[in-house]
Amino acid sequence: MQSFIIAKKELTLLIRDKLTATVLFVLPFAMILILGLLLGEGFGQKTDDLMRISVLNLDKGFGLNNKPWAQLAIEDMVSTPNIKVEIIQNKELAEELVKTGKRAAVIIFNPDFSDRVNECSFLSTGVNPFHRDGIYLEKLQVSIVTAIIESVCQIALLRIVMPWMIGKAFEKLGDPEFIELLGKEVSLPVPPSLRLLIPKDKIPLGELLQLASGKDAVLAKNYREKVGAGIQTALTGQFKNYNLTGKSWASLTRSVNNAETVNTLTTFKNEDGTGILKRGAIRYQILVPSFTVMFAFSLILISGWIFVAEKRQGTFNRLLSTPVSTPSILLGKFLPTIIISLFQIFFLLGLGKVLLGLKIGLPSWTFSDWMIALIVLPLATSFCVASFSLLIGLLSKNETQLALFSSVPVCLFALIGGCIFPWEMMPDNAKTLAFLTPQGWALDAFREIMPSSFDTTTDFQLIWKSTLVLTAMGFILISITWITLGRIRFGNS
Amino acid sequence: MTKVHSVILKIDNITKLHGQFKALNTISLEINRGEIFGLLGPNGAGKSTLLSILAGASKPSSGFTWLDGMEIQPNNLKLRARIGLVPQDFAFYEDLTAKENLVFFGQLFGMQGQLLTSKVNEILQIIGLDDEKAHQYSKYFSGGMKRRLNLGIALVHSPDILMLDEPTVGVDPQSRNRIFEAIKTINAMGTTVIYTTHYMEEAEALCDRIAILNHGEIIACNTLQNLLSLTQTTINFSIHENDMAKSRILKQKLPELKSDPLQGSYSLTSHKNSTPDIINLLVNEKIQIINLHLDSPNLEKVFLSLTGRHLRD
Ligand SMILES: Nc1ncnc2c1ncn2[C@@H]1O[C@H](COP(=O)(O)OP(=O)(O)O)[C@@H](O)[C@H]1O
Ligand SMILES: [Mg+2]
């Protein structure tokens, strides 16, 4: 009960001290904002080894297996190593992205794409999409820019169009019409024994088949089909490694799909954020948790400072002369730190969300997931911060000592813990070292609840682990405080 | 006023060591219920050290202290409600108003509601802070007002014994009087007071009994009268040059007389009540006195005579 009276007094004093309040709440947010502006958009983005191809699919027609040809082309690109395909949602966006320089180029499959591909044929009546070095994109209703992307597009289209055209061509080989054509073109020499029957040196294949069928039209067609099938079988036997009528690159070449094909297909995401300040680029997904954790632990300095000042002013001795036990007095100092720390965390996350469009959580989170992320984790962090504050405040005899003692948990640990430079920018084993500090654990968990755009799942086991470690650290610090307490208060030799 | 001589606080052979340094050396004292007890000593004598032990804020290295038969110990929380300590430093929150400070400490003593409110108002009146000042942040107070608030906080829980550690350091005479009045008021209401100071005038003006503390030891403890009787009055006088010849007679009659013949001035230390005899002698011998003044005994002189050094350096 008395602890609450003391806690209430501490909070009143803190609210009246405008400077401290400013340092606690405004400063961290200002730092996030300033650093965010300084670092620019690239910060915090995972360096992409993959080349990104932006594609706009307007294709309205259908191709192989009732799939639009554009879809097949995109799938082909996706399965190309080192290429990441990003789908742009509409033409306005595509133009905007190119105009503002956010994307170098966008491949646009226009509505007629499938129809044009369907018309492609080696036959004289079909569209011939080829030129010496590749494919006439415009003939296929594909518009794009820049050289590299064009070659990617070219190759993808070759792999789409060529099997299609070859397949269609070889189907034609079995066609009775083709055999008829063939029958006119191919003449066979007539053996002398048949000269009586056929008074010629040579006879066209067609006539021979007609002869064989004995003028029966149905039978003649049947023969022609048989020849066609024979040709197909012969060709298939001859070109065992190919399925010439396959119509897709994979079945034409009988190639097994590369097992390592990862999902490199993404949809364009606006990383400028949705916050009021339109500042929610991915960098804030790293800056906000970093500074939230860093400033939470810098409470050690502020809380400790207030405690030391009180000890020096004599009000602490006066507290000790009241019928309130020392543990209750310390609890009265401990509670406000937890409350302020929680408040600070919520303030930064809230402002981050509203102003910077910070992303917290995933749509798949359940109620209990939210509770873990927004109550349990901040509480464990604040508990650890408050324990640290109490111990350091108790150990320091004056402000100079406090500044000295707290520089380790506030500055050094923040640095090692990854709050100042993200782990991504540090050597490989930096993260191992980070786990020696409470900041490292807290940051790991806070970054987990503020997912980057690549994250689709949340590792709650990691959050639980951090929470437990932070709580344990808090209890260890409180135990040390307890042991120290007896020595400090009744200190006489 | 006659006072019931029952002992409220008993100090038995207290020694306090700070490392090798003996801040208090085998102190034994008895403080009577209802008295104003003065603890006089120069800076560093050990006054604050003793008070903090009496208030249960620290432990003696050896020895005991008893409040009404209960041993005073730092972990005895019940005893704290009976003790009011006014620390040497300002011990209140400067960002709280005078009233808020009083309420806060009252609450820590378990007070609440109407009782607390009326007690707080009573104290504001005793220490002379009007309604306007009561609602001001105490950081804007003058030194005197801060001292008074510092005192007031120790009174909220109506302690049986009030201990003040140099409560008038750095205050104007007006505030000092107010503090004295407050102490007298509280004492008249039955509170025992232990008053610590290095100003002998304060001890003389306020205290029924006084202990003189020096280098952690009690060198004297008695009523003011009895302490003053430890030293004597010095009578200084000068005689007219025409009467110089008569100095022989004076020397005969007053063997302890110290003289400075060139100046014609004499001084004599004796009991205060022997002064009329000396004046009579001078008159009878028709010696013309051109200058006479008495150096009355005071605690400063007592201290000087006991320690060979001055109270204030
Ligand atoms: N914590 C301490 N450690 C060492 N010496 C101390 C400590 N507190 C007081 N002293 C010494 O004890 C002596 C008595 O101090 P104190 O009780 O404050 O004197 P006073 O109040 O009479 O001026 C002083 O010489 C002071 O330097
Ligand atoms: Mg002192």
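These numbers were taken from a predicted model, which means no experiment stands behind them. (Residues numbered from 1 in each chain as written. Chains lettered and ligands numbered in written order. Predicted model: local features only at pLDDT ≥ 70, side-chain atom pairs only at ≥ 80, totals over all residues. Heavy atoms only, no water.)

A look at the environment of L349(A)
All names here are of chain A. Note that L349 resides in helix α13 (residues 326-356). Sequence spacing of L349 and V288 is 61 residues, and the spatial spacing of their C-alpha atoms is 7.2 Å. Not counting the four nearest positions on each side in its chain, L349 is found in contact with V288, T292, L358, I360, L374, F446 and M450. (Helix = DSSP H or I, 4+ residues; strand = E, 2+ residues; numbered from the N terminus. Contact = heavy atoms within 4.5 Å.)

Looking at the coordination of the magnesium ion (ligand 2)
Six octahedral donors around a metal ideally subtend angles of 90 or 180 degrees, whereas four tetrahedral donors ideally subtend 109.5 degrees. Looking at the magnesium ion (ligand 2), one finds its protein donor set to be S48(B) (OG) and Q88(B) (OE1), positioned 2.0 to 2.3 Å from the metal centre. Residue S48(B) is found in helix α1 (residues 47-54), and its partner Q88(B) is found in the loop between β6 (83-86) and α3 (98-108); the two are separated by 40 residues along the sequence. (Donors = N, O, S within 2.8 Å, 3.2 Å for Na, K, Ca; no water.)

Remarks on the pairing of strand β8 (residues 192-197) of chain B
Residues and elements named next belong to chain B. For β8, the buried fraction is high: 6 of the 6 residues fall into the buried class. Here β8 shows two buried faces, one formed by T192, I194 and T196 and the other by V193, Y195 and T197. As paired elements, strand β3 (residues 36-40) and β8 share 5 bridges and run parallel to each other. Residue pairing across strands places G38 opposite Y195, the latter belonging to β8. Here strand β7 (residues 161-165) runs beside β8; their pairing, made up of 5 bridges, is parallel. When the bridges of β8 are listed, L162 appears paired with V193. For the segment spanning β7, helix α7 (residues 173-188) and β8, crossover handedness is right-handed. (Buried < 20%, exposed > 50% of the residue type's maximum accessible area, 1.4 Å probe, protein only. Pairing = 2+ DSSP bridges. Right-handed = clockwise from strand over helix to strand, strands pointing away.)

Structural notes on the site of ligand 1
Residues and elements named next belong to chain B. All residues in the neighbourhood of ligand 1 are listed as H18, F21, A23, P42, N43, G44, A45, G46, K47, S48 and T49. One of the backbone N or O atoms of G44 is found 2.7 Å from an oxygen atom in ligand 1. A distance of 3.2 Å separates an oxygen atom of ligand 1 from a polar backbone atom of A45. Protein chains shield 58% of the accessible area of ligand 1, which is 560 Å² for the free molecule. Contributions of two or more residues to the shell around ligand 1 are made by β2 (21-32) and α1. Tallying contributions element by element places α1 first for the shell around ligand 1, with 3 residues. Broken down by class, the residue content of the shell around ligand 1 amounts to 4 nonpolar, 6 polar and 1 charged. (Near = heavy atom within 4 Å. Polar contact = N/O pair within 3.5 Å; in protein donor to acceptor, adjacent residues only side chain to side chain. Areas by Shrake-Rupley, 256 points an atom, 1.4 Å probe, with all protein chains shown as cover. Nonpolar A, V, L, I, M, F, W, Y, C, P; charged D, E, K, R; others polar.)

Notes on the pattern of salt bridges
Residue and element names in this part refer to chain B. Within the structure shown, the criterion is met by 17 salt bridges over all chains. K10 is the partner of E30 in a salt bridge, and the nearest nitrogen-oxygen pair spans 3.2 Å. Of this pair, E30 sits in strand β2 while K10 sits in strand β1 (residues 7-18), placing them 20 residues apart in sequence. When the shortest N-O distance is used, the salt bridge between K139 and D95 registers 2.6 Å. With K139 in the loop between α5 (131-134) and α6 (143-153) and D95 in the loop between β6 and α3, this pair connects stretches of sequence that are 44 residues apart. Given the relative accessible area of 19%, D95 is considered buried. (Salt bridge = Lys/Arg side-chain N within 4 Å of Asp/Glu carboxyl O.)

Regarding α3(B)
Quick reminder: α-helices carry 3.6 residues per turn. Residues three or four places apart thus point the same way. When you tally the buried positions in α3(B), you get 8 out of 11 residues, the bulk of the element. Among the residues of α3(B), those classed as buried are A98(B), K99(B), N101(B), L102(B), F104(B), F105(B), G106(B) and L108(B). Tucked inside the fold, the buried residues of α3(B) contact α1 (2-16) and α12 (315-320) of chain A together with α4 (113-126), α5 and α6 of chain B.

Focus: the packing of α3(B) against α6(B)
Residue and element names in this part refer to chain B. Running from amino to carboxyl end, α3 crosses α6 at an angle of 20°, the nearest separation of the two axes being 9 Å. Of the possible angle classes, the one that applies to α3 and α6 is roughly parallel. In the crossing of α3 with α6, the sense of the turn from one axis to the other is right-handed. Listed contacts from α6 to A98, N101, L102 and F105 of α3 are L149, G152 and I153. (Axes fitted to C-alpha atoms, helices over the stretch in contact; angles between N-to-C directions. Parallel < 35°, antiparallel > 145°, perpendicular 65-115°, else oblique. Left-handed = near helix turned anticlockwise from the far one by under 90°.)

A look at the sheet that holds β3(B)
Residue and element names in this part refer to chain B. Here 6 strands make up an open sheet; going across it, the order is β6-β7-β8-β3-β9-β10 and the pairing mixed. For this open sheet the edge positions go to β6 and β10 (217-223), each flanked by a neighbour on one side alone. Geometrically, the sheet is characterised by an average inter-axis angle of 15° between neighbouring strands, direction not taken into account. Set on the sheet, α7 makes contact with β3, β7 and β8; between it and β8 the angle comes to about 150°. Along the sheet, helix α12 (residues 299-307) contacts β3, β9 (209-214) and β10; its crossing angle with β9, the most-contacted strand, is approximately 40°.

Considerations on the interface of chain A and chain B
On the chain B side, the residues contacting the 23 residues of chain A number 32 residues. Across the chain A/chain B interface, buried area totals approximately 2400 Å², and carbon plus sulfur atoms make up 58% of it. Three residues, R16(A), R318(A) and P323(A), lead the burial of chain A against chain B; their summed loss comes to 29% of the area buried on that side. Applying the counting rule to chain A against chain B returns 1 salt bridge. Where chain A packs against chain B, one counts 12 residue pairs in polar contact (both at pLDDT 80 or more). Counting only elements with at least two residues in the side of chain A that touches chain B, the list comes to α1, α11 (283-313) and α12 of chain A. (Buried area = accessible area lost by both parts, 1.4 Å probe.)

Looking at the nonpolar core
One finds L151(B), L162(B), I210(B) and L299(B) to be the most contacted residues of the largest nonpolar core, which totals 69 residues. Residues in contact with L162(B), not counting those within four places in the same chain, are G84(B), V86(B), L151(B), A154(B), L155(B), I186(B), T191(B), T192(B), V193(B) and I194(B). With 59 residues, the next largest nonpolar core counts F297(A), V308(A), L462(A) and L470(A) among its residues. (Core = buried A, V, L, I, M, F, W, Y, C linked by side-chain atoms within 4.5 Å.)

A closer look at the side chain of T197(B)
Residue and element names in this part refer to chain B. With respect to the helices and strands, the residue T197 is situated in strand β8. Residue classification places T197 among the buried positions, given a relative accessible area of 2%. In terms of polar contacts, T197 uses its side chain to reach the side chain of E202, at 3.0 Å. Leaving out residues up to four positions away in the same chain, T197 has contacts with L39, L40, G41, K47, E166, E202 and A203.

Considerations on the confidence of the model for chain B
For residues with low pLDDT, the predicted coordinates do not support detailed interpretation. All names here are of chain B. This prediction gives chain B a mean pLDDT of 88; 97% of its residues lie at or above 70. Looking at the elements of chain B, mean pLDDT is at its lowest for strand β13 (residues 265-270), recorded as 74, and at its highest for α3, recorded as 96. Interface confidence for the predicted complex, given as ipTM, is 0.82, next to a pTM of 0.69. (pLDDT = per-residue confidence, 0-100.)

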